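# Chains, contacts and geometry: an overview
Below, each chain spelled out in residue letters.
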Amino acid sequence: MLKLRHFFSPKARTAIVHALPEYEAAAGDDWLERILSEAITDKLFQKQGRSIARWTRPPLVMFVKRHYTLPMWSGVLARLVPSAAWSPGLQEWQHLEWARTQGIPVPRALAAAEWRGPGFRLQSFLAVEELAGMLPLHEAIPHAEATLSASDFLRWKHRLIAELARLAVELHRRRAYHKDLYLCHFYIHSDHCKRVPDSFRDGVVAIDFHRLGHHRWLARYFQVKDLAQLLYSSLEVDGVSECDRLRFWKHYSAGFAVPAWVRRAVLWKYRLYLRHSRRKAARRSRE
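Residues numbered from 1 in each chain as written. Predicted model: local features only at pLDDT ≥ 70, side-chain atom pairs only at ≥ 80, totals over all residues. Heavy atoms only, no water.

### A closer look at the overall build of the protein
Put simply, the test is: A run of DSSP states H or I qualifies as a helix once it reaches four residues; a run of E qualifies as a strand once it reaches two. Both are numbered from the N-terminal end. Only the C-alpha atoms count toward the radius of gyration. The rule for a globule is 2.2 Å times the residue count to the power 0.38. Burial classification: accessible surface area is computed with a 1.4 Å probe over protein chains only, and a residue below 20% of its type maximum counts as buried, one above 50% as exposed, and the rest as partly exposed. In this description, contact between two residues means that some pair of their heavy atoms is separated by no more than 4.5 Å. Per-residue accessibility takes into account occlusion by the displayed protein chains alone, with areas from the Shrake-Rupley method and a 1.4 Å probe. A residue counts as positive if it is Lys or Arg and as negative if it is Asp or Glu; His and the chain ends are not included. Where a charge lies is defined by one atom per residue type, namely NZ (Lys), CZ (Arg), CG (Asp) and CD (Glu).
In terms of helices and strands, the protein carries 10 helices and 11 strands. Here the C-alpha atoms of the protein give a radius of gyration of 21 Å, agreeing with the 19 Å that 2.2 N^0.38 yields for 287 residues. Relative to its 287 residues, the protein shows a buried fraction of 46%. Within the protein, contacts between residues at least 6 apart in sequence are counted, and of these 70% link residues at least 24 apart. Element-wise, carbon and sulfur atoms account for 55% of the exposed surface of the protein, whose accessible area totals about 15600 Å². Averaging the coordinates of the 46 positive side-chain charges in the protein and doing the same for the 28 negative ones gives two points 10 Å apart.

In structure tokens:
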């Protein structure tokens, strides 16, 4: 009973921490106490109780994700089931580690922490190494189109599409679903925009794994969602054609057999994304 009373004590505050030795050496001995209040403003993005920013602590350059305010139900669950990760920071650390063990190229996770308490308060932090010299695909594809000859750009795209399809198959055949599978969440090295590589195998890095989930009973639903997101995100990217989208589907369906209705469902979901985007744009223009 003493342990139980302490467990639910409103003053109790505990932390679950993962950190690489090189991160701790760069961040300083007291990083855990000050990381949530550290003034990090480089490439800062803030929204709804969370922030993302670039933090340079030589020799490391990293992106730091901080969640200052999480739903109370998450804090309740963290108290009831303390062995599980209930915050985005700790969950993404685990997801990145899982992806790495499966051979899926992802950024290197440097550190993560989840603070529980006082009461049912829950906060988290994640640091991932910057993808130095790399570009997201929605920028890399137009850059390659402007740099390469027409014939080289076509071959370049064919090899890139094959690797994107392979990565999608590698996730989905394990019943793992990204849930934010947009082109901007794939990176390649900027040097690969200047030439046609023999292969993009392991040269495409996937980011933002905080929503990754493994599903058995809802596998088809999340498969459709992933593929529709990828299709939707390719629409306004210069250099991506309808033939490219069909080529992706050919590679994907060759590696992961799907019934015909899945393709129809992907198109239906994609149209929903498109309709929502147009309505949102119309509201903004009226405002």
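The rest of the description comes next.
### Here's the deal with unusual backbone geometry
A cis amide bond, omega 5 degrees, links P58 with the succeeding residue P59. Looking at where P59 falls in the secondary structure, it is placed in the loop between β3 (50-57) and β4 (60-67). Put simply, G117 and P118 share a cis peptide bond, and its omega is 0 degrees. Note that P118 resides in the loop between β5 (109-116) and β6 (122-129). A positive phi angle, near 75 degrees, is found at K179, a position not held by glycine. As for its placement among the helices and strands, K179 is situated in the loop between β8 (176-177) and β9 (186-189).

### Notes on a nonpolar patch on the surface
Applicable threshold: Surface patches are defined over residues having more than 30% relative accessible area and no salt bridge, joining like charges when they lie within 9 Å and nonpolar side chains (Val, Leu, Ile, Met, Phe, Trp, Tyr) when within 5 Å. Put simply, a salt bridge is a Lys or Arg side-chain nitrogen that is within 4 Å of an Asp or Glu carboxyl oxygen.
The grouping of W217, L218 and Y221 at the surface amounts to a nonpolar patch, some 430 Å² of accessible area in total. Here L218 lies in the loop between β11 (213-214) and α8 (219-233). L218 sits in the partly exposed class, given a relative accessible area of 48%.

### Section: the pattern of salt bridges
Scanning the model with the defined rule gives 19 salt bridges in all. Residues R155 and D152 are paired through a salt bridge, measuring 2.6 Å at the closest nitrogen-oxygen approach. Linking R155 with D152, this pair stays in helix α7 (residues 150-172), spanning three residues, or about one helical turn. Measuring nitrogen to oxygen at the nearest pair gives 2.9 Å for the salt bridge that ties E163 to R166. Placement of the pair is E163 and R166 together in helix α7, with a separation of three residues, close to one helical turn.

### Side note on helix α4 (residues 72-80)
Selection rule: The directions from the helix axis to the C-beta atoms are what the arc is built from.
For α4, the complete set of buried residues consists of S74, G75, A78 and R79. Each buried residue of α4 sits inside an arc of 140 degrees when the element is viewed along its axis, so together they form one side. In α4, the exposed positions angled more than 90 degrees off the buried face are occupied by W73 and L80.

### A few points about a positive patch on the surface
Taken together, K47, R50, R275, R279, K280, R283, R284 and R286 make up a surface patch of like positive charges. Among the structural elements, R286 can be located in helix α10 (residues 260-286).

### Observations regarding the environment of K157
Position of K157 among the secondary structure elements: in helix α7. For the pair K157 and H185, spaced 28 residues apart in sequence, the C-alpha separation works out to 17 Å. The contact partners of K157, leaving out residues within four places of it in the chain, are G239, S241 and D244.

### Observations concerning the sheet that holds strand β2 (residues 42-47)
Strand pairing in a sheet takes place through backbone hydrogen bonds and is either antiparallel or parallel in direction. Rules: Only when DSSP finds a minimum of two bridges between them are two strands counted as paired. Angles here are taken between N-to-C directions and fall from 0 to 180 degrees, while the axes themselves are lines fitted to C-alpha atoms, restricted in helices to the stretch in contact.
The six strands lie next to each other as β1-β5-β6-β4-β3-β2, forming an open sheet whose pairing is antiparallel. Whereas interior strands pair on both sides, the edge strands pair on one side only; in this sheet they are β1 (14-19) and β2. Ignoring strand direction, the axes of neighbouring strands in this sheet form an average angle of 15 degrees. Where β4 lies against β6, six bridges are found, and the strand directions are antiparallel. Note that in β6 the partner of H67 across the bridge is S124. Packing of helix α5 (residues 88-101) onto the sheet brings it into contact with β1, β4, β5 and β6, and relative to β5 it is tilted by some 145 degrees.

Just distances and angles here, no functional claims.
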